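Chains, contacts and geometry: an overview
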Amino acid sequence: MVDHLQIQATETTGRRRGIDEAAFRDLYDRTARPLWGYIARATGNDSIADDLSQEAYLRLLRANFEPESEEHAKNYLFRIATNLLRDHFRGAKRAQLPLEHDPGVKGHERQVHLQHDLRKAMMHLKPRERELLWLGHVERFSHKEIAGILGLKTGSIRLLLFRARKKLAALLDETNSGTEEGR
Amino acid sequence: MRHQPCTLEDCILEATRSDAMTEELSRHLATCRSCSDAVSIDNLMLAEASRLPELSRLPDPGRIWLQARQQRLLQAADRATRPIRAAEKIALCTGAVGLAIGTAMSWPVVRSWLGQAVTTIADFGGATEGSLPTNPVPVIAGALLFLVLFGLYSELVEG
């Protein structure tokens, strides 16, 4: 897939290099949705995800980054997004939505509510835990890649993921027990 | 309750994701809380990812490319003019220091000029050449302070 990311000299300095427009469009098409999803679920805010995704691509291009492979480019992009998220969380306190549940939902509605509960439960996790879960379970990055993106030690990822999952499961259990009591 | 991840967790996740669950792994999954949590959360997270809205809200990649190009050009222009700005600052400092030294060295002459200027201003509250300081240091220090403040203000306006 390296050929997708043809590298050429940029006209601004004559020395610096980066990806060309066609390669960028290709990279954007393959990564925009996952990247947006990562930021949206880490922040719990779609509008912030719009802004930060765009900024992540701008930073990638401004850095004149030379990717070695498609995975390398994706990892680099997610690392930029993680840094942007860190800056975002530094400046804003995360919203604490109450863990409540509407009783008496069935069928596909139940699935919709489960997703709603997941979103709310995730907002009760630390930003780092949300990032870990998304990178590990949705993007399915390896532990080494997650460590690179989040700036952590590879050996600690398994345990951190386990703890984040345990915490999320407990939060979801809490929501479910609320539902049972409501019936 | 388990405080360490299960050693079979990766195998279980891989098997459920690829729909290749064996009898042995199924038995383990039924009894292991850590693995069942991992599988449940994996499924929920994937379902959540599949429900993400379409990306019509994000701008066209061509627009981002052009914006980045514009920013790169601005950065390049900023880098190119950095020596000019540095030279301007050095010239300003050199001029200020030269002026201060010149004023200090020929203070009696400057003092006499200032005195003449003061006396030609009609309503100056009775100030005369005699009321001007004989020591040039406060005057020079005041002038330098003014220059420093002016320099900081210009830097802020530029920034």
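For the structure, see preceding data.
One structure accompanies this document, and this report is about it. Please read all numbers here as calculations on a predicted model, not as lab measurements. (Residues numbered from 1 in each chain as written. Chains lettered and ligands numbered in written order. Predicted model: local features only at pLDDT ≥ 70, side-chain atom pairs only at ≥ 80, totals over all residues. Heavy atoms only, no water.)

Turning our eyes to something else, we now look at the overall build of chain B. Summing up its helical and strand segments, chain B has six helices and zero strands in all. Listed N to C, the secondary structure of chain B is α-α-α-α-α-α in terms of helices and strands. For chain B, the proportion of its 159 residues judged to be buried stands at 26%. Intrachain contacts of chain B at a sequence separation of at least 6 include 44% that bridge at least 24 residues. As displayed, chain B has an accessible area near 10,700 Å², and 64% of this comes from carbon and sulfur atoms. (Helix = DSSP H or I, 4+ residues; strand = E, 2+ residues; numbered from the N terminus. Buried < 20%, exposed > 50% of the residue type's maximum accessible area, 1.4 Å probe, protein only. Contact = heavy atoms within 4.5 Å. Areas by Shrake-Rupley, 256 points an atom, 1.4 Å probe, with all protein chains shown as cover.)

As a further point, take the interface of chain B and chain A. Taken residue by residue, the interface counts 44 residues in chain B and 47 residues in chain A. Counting the surface chain B buries against chain A, the share from its top three residues, Met45, Glu48 and Trp65 of chain B, is 16%. One can count seven salt bridges joining chain B with chain A. Between Asp60 of chain B and Arg25 of chain A there is a salt bridge, with the nearest N and O atoms lying 3.6 Å from each other. Where the side of chain B that touches chain A is concerned, the elements lending two or more residues are helix 1 (9-17), helix 3 (33-50) and helix 4 (61-105) of chain B. A total of 13 residues in the side of chain B that touches chain A trace back to one element, the largest contributor, which is helix 3 of chain B. The residue inventory of the side of chain B that touches chain A, partitioned by class, reads 21 nonpolar, eight polar and 15 charged. (Buried area = accessible area lost by both parts, 1.4 Å probe. Salt bridge = Lys/Arg side-chain N within 4 Å of Asp/Glu carboxyl O. Nonpolar A, V, L, I, M, F, W, Y, C, P; charged D, E, K, R; others polar.)

We now examine the side chain of Thr31 of chain A. All names here are of chain A. With respect to the secondary-structure elements, Thr31 resides in helix 1 (residues 21-43). Classification of Thr31 by relative accessible area gives buried; the value is 2%. A distance of 2.8 Å separates a polar atom in the side chain of Thr31 from a polar atom in the side chain of Tyr57. Sequence-distant contacts of Thr31, that is, excluding residues within four places in its chain, are made with Tyr57, Lys74 and Leu77. (Polar contact = N/O pair within 3.5 Å; in protein donor to acceptor, adjacent residues only side chain to side chain.)

What follows deals with the nonpolar core. Core analysis: the largest hydrophobic core is formed by 59 residues, its most contacted members being Tyr38 and Leu168 of chain A. Take this core: its biggest share by element is 11 residues, from helix 1 of chain A. Excluding residues within four positions of it along the chain, Leu168 of chain A makes contact with Leu118, Ala121, Met122, Leu125 and Leu133 of chain A together with Ile41 of chain B. Residues Leu25, Cys35, Ala38 and Val39 of chain B belong to the second largest nonpolar core, which totals 10 residues. (Core = buried A, V, L, I, M, F, W, Y, C linked by side-chain atoms within 4.5 Å.)

Right, let's talk about a nonpolar patch on the surface for a bit. Residue and element names in this part refer to chain B. On the surface, a cluster of nonpolar side chains totalling about 400 Å² of accessible area is made up of Leu145, Val148, Leu149 and Leu152. Structurally, the position occupied by Leu152 is in helix 6 (residues 137-158). Judged by its relative accessible area of 51%, Leu152 falls in the exposed class. (Patch = residues over 30% accessible without salt bridge, like charges linked within 9 Å, V, L, I, M, F, W, Y side chains within 5 Å.)

Attention now moves to helix 4 of chain B. Residue and element names in this part refer to chain B. Given a rise of 1.5 Å per residue, 45 residues ought to cover 66 Å, and the 65 Å separating the end C-alpha atoms of helix 4 matches this to within 8%. Most pronounced at Thr81, the bend in helix 4 amounts to some 40 degrees, and the proline Pro83 follows within four residues. For helix 4, the set of buried residues is Pro61, Gly62, Ile64, Trp65, Ala68, Arg72, Ala76, Ala96, Ala100 and Thr103. One side-chain oxygen at the N-terminal end of helix 4 lies 2.8 Å from the backbone nitrogen of Gly62; it belongs to Asp60. (Expected span 1.5 Å × (residues − 1). Bend = angle between axes of the 7 residues up to and from the residue.)

This part is about unusual backbone geometry. With a phi close to 55 degrees, Arg140 of chain A is a non-glycine residue in the positive phi region. As for its position among the elements, Arg140 of chain A is in the loop between helix 5 (127-138) and helix 6 (143-150). A relative accessible area of 34% places Arg140 of chain A in the partly exposed class. Even without being glycine, Asp19 of chain B reaches a positive phi, approximately 55 degrees. As for its placement among the helices and strands, Asp19 of chain B is situated in the loop between helix 1 and helix 2 (23-31). Owing to a relative accessible area of 72%, Asp19 of chain B belongs among the exposed residues under this scheme.

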